[in-house]
Every structure is written in structure tokens, then in C-alpha cells.
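So you can see what is in the structure, the chains are spelled out below.
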Amino acid sequence: MLASDFANLERDIQMVNDSQADWFHLDVMDGVFVPNISFGMPVIKAMARHTKKPLDVHLMIVEPDRYIQTFADLGADILSVHAEACTHLHRTIQAIKAAGMKAGVALNPHTPVAVLEDIISELDLVCVMSVNPGFGGQKFIENTYEKVRQLTKLIQQHNANVLIEIDGGVTSENAAQLVLAGANVLVAGSFVFSSQSPKETIQGLQELVNG
Ligand code: ZN
């Protein structure tokens, strides 16, 4: 939703509700962990009243532990925190699950998959950042394919049940190849909202990855 028209949020949320998209992806930025601020709690609360699909919240903030209960109360289904923002990542993941949400960890482009080795079995989702977090509309980082392959291997080694989500620069150019590498969830923002017909663009992406 970062790429939606914030002055027409209800209209854009309705478009996603009516589209073939599976989830809503919300990027929450604090201006500290990333050099940008997206939406604050009152706006997210207003958005959550209209979303009719699972709410996938991606926290790009420092000290995410402080807001776990807030997002559970808002109705978030999946809550992802950044590995780089959590000193006690294991504790944070347990707290997210205890609050009744699925737990995800996001990795910045420079963070190796190996940091998840000892925690992978505890996770529901790994969000691979395929651009540097903070802004929409950035160019896809090619190393992402290799990272997804490494992550797929790690998940298989641990016999874990973890979704791989790709966030940033997803287009019809790279979607199929990402799924081939092992990705399960593709976040598309600018590619969808800046297209002529966002609903058809979503449909096109679904057809590309689901055949
Ligand atoms: Zn995101």
C-alpha cells in the first residue's frame, strides 16, 4: 500500500479487495530505521477497517517490540520485524506469536541468510528485501535470486514451514523467476499502482506465477 494514493486510500484499498491480490502489505516506517516515514497508527487503524484480506505488516522500525500488541489489536495477521532492528530476535518472534500473529523476519540486502540459521524453524515468513528499505519504486537488486535459493535450501535443511516473501522492485519481468527460485509471496507496490489498470496488473502477476 506504500505506492497507493494516500489521498484516496479507501478507493485503493477497495481496488485491492476487489482484485486477485491475496494479502495487503503495509510498510511501516519510523524515520529512524529507514530514512522515511510512511503511515502512523491512526491511518493504519483507519485502513484496517476497510481491508478484507489478510493484513501483512512489515515493520521498518527500531524497537519493534514496543508495538507488537498494538498491531495485534489492529488485526494484523502477519507481523514482520527486521533482523537488523532486533537484538533479541528470538524473543521478539515468540512475542509476536504469543500475541496471536504469524511471525516474519525481514532481511536487508546486505544481511546474509545465515543469520536465520538458528531461528528458521520458529518463523512463518522471511521477507527478503530486494531493494534498500525506505522508498517505493526502486530498482530490483539482482543478488536476490541467489539469496532466495540459499533461503530455500536453509528451509529444506530444517524441514521448516516458512514462506519466502520478496519485497521491492517486483515486476512482471522478475516475478516468474523469483517463484522459480523458491519465492512464495511477491509484494508489488509501484508496479501495480503506477500501471494503467492496477487490477489487471495484479491479475497478470497472478497468471505469471500461478500459470
Ligand atoms: Zn514491505
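Quick notes on the rules
- In this convention, every chain numbers its residues from 1, walking through the sequence in written order.
- With pLDDT at 70 or above as the cut-off, local features in this predicted model cover only qualifying residues; side-chain atom pairs require 80 or more to be listed or tallied, and sums for whole chains, interfaces and linings still use all residues.
- Values shown for side chains rest on all heavy atoms present in the structure; no hydrogens or waters enter the calculation.
- Any N, O or S atom lying within 2.8 Å of the metal counts as a donor, with the limit raised to 3.2 Å for Na, K and Ca; because water is left out of the atom set, some sites can appear incomplete.
- A simple rule labels every residue: compare its accessible area, found with a 1.4 Å probe on the protein chains alone, to the largest value its type can have, and call it buried under 20%, exposed over 50%, or partly exposed in between.
- Every helix listed is a DSSP run of H or I at least four residues long, and every strand listed is a run of E at least two residues long, numbered separately from the N terminus.
- Grid points spaced at 1 Å over the protein atoms alone were grouped into cavities, where a 1.4 Å probe fits but cannot get out, and pockets, open sets with protein on both sides within 12 Å along at least five of seven lines, with lining residues defined by an atom within 4 Å of a point.
- Grid points are joined across faces, edges and corners, and a volume is the space filled by probe spheres set on the points.
- Here the nonpolar group is Ala, Val, Leu, Ile, Met, Phe, Trp, Tyr, Cys and Pro; Asp, Glu, Lys and Arg are the charged ones; every other residue, Gly included, is treated as polar.
- When DSSP locates at least two bridges between a pair of strands, those strands are taken to pair.
- Orient the strands so they point away from the viewer; a crossover is then right-handed if the path from the first strand over the helix to the second runs clockwise.

(A) Looking closely at the coordination of the zinc ion. The protein atoms that coordinate the zinc ion are His25 (NE2), Asp27 (OD), His58 (ND1) and Asp167 (OD), at distances of 1.9 to 2.2 Å. Owing to a relative accessible area of 0%, histidine 58 belongs among the buried residues under this scheme. For aspartate 167, a relative accessible area of 6% corresponds to the buried category.

(B) Expanded view of unusual backbone geometry. With a phi angle near 45°, glutamate 63 is a residue other than glycine that sits in the positive phi range. Along the chain, glutamate 63 turns up in the loop between strand E2 (55-60) and helix H3 (68-74). Residue classification places glutamate 63 among the partly exposed residues on the basis of a relative accessible area of 47%. Phi is positive for asparagine 159, which is not a glycine, with a value near 55°. Along the chain, asparagine 159 falls in the loop between helix H5 (144-157) and strand E6 (163-167).

(C) Quick look at the layout of surface pockets. Its volume calculated, the largest pocket comes out at about 860 Å³. What lines the largest pocket is a set of 44 residues, among which His25, Leu186, Val187, Ala188 and Gly189 lie closest to the centre. Only strand E1 (24-29), E2, E6, strand E7 (185-187), helix H7 (190-193) and helix H8 (198-210) provide two or more residues apiece to the lining of the largest pocket. A per-element tally of the lining of the largest pocket places H8 first, with 5 residues. Of the residues belonging to the lining of the largest pocket, the class tally is 26 nonpolar, 13 polar and 5 charged.

(D) Region of the structure containing the pairing of strand E4 (residues 102-107). Taken across its 6 residues, E4 has 5 buried, putting it largely inside the fold. The pairing of strand E3 (residues 78-82) with E4 spans 5 bridges and is classified as parallel. Within E4, the position partnered with serine 80 by the bridge is glycine 104. One crossover worth recording links E3 to the parallel E4 by way of helix H4 (residues 89-98), and it is right-handed. For E4 and strand E5 (residues 125-129), the ladder comprises 4 bridges, and the chain directions are parallel. Paired with alanine 106 across the two strands is cysteine 127, which belongs to E5.

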